[in-house]
Each structure stands twice: as structure tokens, then as C-alpha cells.
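Observations on the three-dimensional arrangement
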Amino acid sequence: EVQLVESGGGLVQPGGSLSLSCAASGFTFSSYAMSWVRQAPGKGLEWFSGISSGGGTTLYTASVKGRFAISRDNAKNTLYLQMNSLKPEDTAVYYCAKLNTNVPRTVVEGPFGQGTQVTVSS
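Now for a look at the structure at hand. Everything numeric in this text was worked out from a predicted model, so none of it was measured. Per chain, the residues get numbers from 1 upward, laid out in the order the sequence is written. A pLDDT threshold of at least 70 governs which residues receive local features in this predicted model, and a stricter bar of 80 or more applies before side-chain atom pairs are shown or counted, although totals over entire chains, interfaces and linings include all residues. For the side-chain quantities, the full set of heavy atoms in the structure was used; hydrogens and water were omitted.

It is worth spelling out the pattern of salt bridges at this point. Pairs can form between side chains of opposite charge once their charged atoms are near each other. Salt bridge, as used here: a side-chain nitrogen of Lys or Arg that lies within 4 Å of a carboxyl oxygen of Asp or Glu. For the structure shown, the criterion picks out four salt bridges. Notably, a salt bridge pairs D90 with R38, separated by 3.0 Å at the nearest N-O pair. Pair noted here: D90 is in the loop between β8 (78-83) and β9 (92-98) and R38 is in strand β4 (residues 34-39), with a separation of 52 residues, a long-range link. The exposure classification of D90 matches that of R38, with both residues buried. Elements are defined by DSSP. Helices are runs of H or I of four residues or more, strands are runs of E of two residues or more, and each kind is numbered from the N terminus. Working definition: with a 1.4 Å probe on protein chains only, accessible area under 20% of the residue-type maximum means buried, over 50% means exposed, and in between means partly exposed.

In this analysis, strands are considered paired if DSSP registers two or more bridges between them. Taking strand neighbours across the sheet as the criterion, the six strands line up as β2-β10-β9-β4-β5-β6 in an open arrangement whose pairing is mixed. At either end of the open sheet lies a strand with only one pairing partner, and these are β2 (10-12) and β6 (58-60). Taking each pair of neighbouring strands and ignoring which way they run, the sheet shows an average axis angle of 25°. Note on geometry: axes are lines fitted to C-alpha atoms, helical ones only across the stretch in contact, with angles between N-to-C directions running from 0 to 180 degrees.

Overall, antiparallel pairing links the four strands, which are arranged β1-β3-β8-β7 in an open sheet. The strands lining the two open edges of the sheet, one partner per strand, are β1 (3-7) and β7 (68-73). Pairwise comparison of adjacent strand axes, ignoring direction, gives a mean angle of 15° for this sheet. Pairing of β1 with strand β3 (residues 18-25), which is carried by five bridges, proceeds in the antiparallel orientation. Its bridge partner lying in β3, S7 is registered against S21.

Before going further, it helps to spend a moment on the packing of aromatic side chains. Think of it this way: a Phe, Tyr or Trp ring, Trp meaning its six-membered ring, pairs with another when their centres are within 6.5 Å, and the plane angle makes it stacked under 30 degrees, edge-to-face over 60, tilted otherwise. One pass over the full model with this rule turns up five aromatic pairs. Look at F27 and F29: their rings are 6.2 Å apart centre to centre, the planes differ by 55°, and that puts the pair in the tilted class. F29 sits in the buried class, given a relative accessible area of 2%. Seen in terms of ring centroids, F48 and F68 are 5.8 Å apart; in terms of plane orientation they differ by 80°. Their pairing is edge-to-face. One end of the pair, F48, is in strand β5 (residues 45-51); the other, F68, is in strand β7, and 20 residues separate them in sequence.

The next subject is unusual backbone geometry. Of note, the amide linkage connecting G110 to P111 takes the cis form, showing an omega dihedral of 20°. Within the secondary structure, P111 sits in the loop between β9 and β10 (116-120). A positive phi angle, close to 50°, is found at N77, a residue other than glycine. Along the polypeptide, N77 turns up in the loop between β7 and β8. Relative accessible area serves as the criterion here: at 29%, N77 is assigned to the partly exposed category.

This brings us to the environment of W36. Following the sequence through the fold, W36 ends up in strand β4. Exposure remark for W36: the relative accessible area of 0% places this residue in the buried category. As a C-alpha pair, W36 and F48 span twelve residues in sequence and 6.2 Å in three-dimensional space. Any N or O atom pair separated by 3.5 Å or less is treated as a polar contact, with the protein-specific requirement of one donor-capable and one acceptor-capable atom, and with residues adjacent in sequence counted only for side-chain atom pairs. From its side chain, W36 meets the backbone oxygen of Y80 in a polar contact 3.1 Å long.

See the structure below:
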């Protein structure tokens, strides 16, 4: 059974930084691309970052490019997201997701973890 457990969310001021983690189990983590998606209050799920199975290819949506960095440690079965220069519009529940390919795709597809809340507010 695929299990994805996100952690690291919280309240941060605009301009601040936060680091998220996603612990994966139940599948061969190193064989699959992974994504981060988010859901802002009152909105649908939004894909914003993906990484290939080996970590060599990363993708970002325009709104986070240059501020967020996705990475993975296949030895630890863990996906990471470093978020810098956070803005109030980044407020959302953040989910990691497993793809069924080894290359990232700019689409919302699961399975997903339970999510972690990120709130950017002064």
C-alpha cells in the first residue's frame, strides 16, 4: 500500500522560508517521479512542482519557479520542498504525490498524502 506522509508545514511571515518533507513507503520510491501539489482555500488542487525518479529533472510552475526547490533522497525514501520568499498566495494545504512514471508531469495525479498546512501571513 502506497503511503505518503507530509510534514513541516506551519505559519510563516511573508518573505519567510519553510521546508516540507514527504516520507514515502509501500513502493519502490526510487523508480517513480514525484510531485508536489497544493490546494488553496476555496480552490482546486494545483500542480506546481515535479521531479524525476532519479532527481535529475525538475519542473516548476511559473508562480513558484525561482522561489521553491524540489529534491529527493532515494536512500531515505523522502521527497523535499524548500520554499523561500513565501507570499500570502502560497497559503494552501500541500500534498506530495506519486506518479506512475519515472518522469515528472505537469498534471495533478495521485495518490496523495494527507497534506500539511502552510499559512503565510503577518
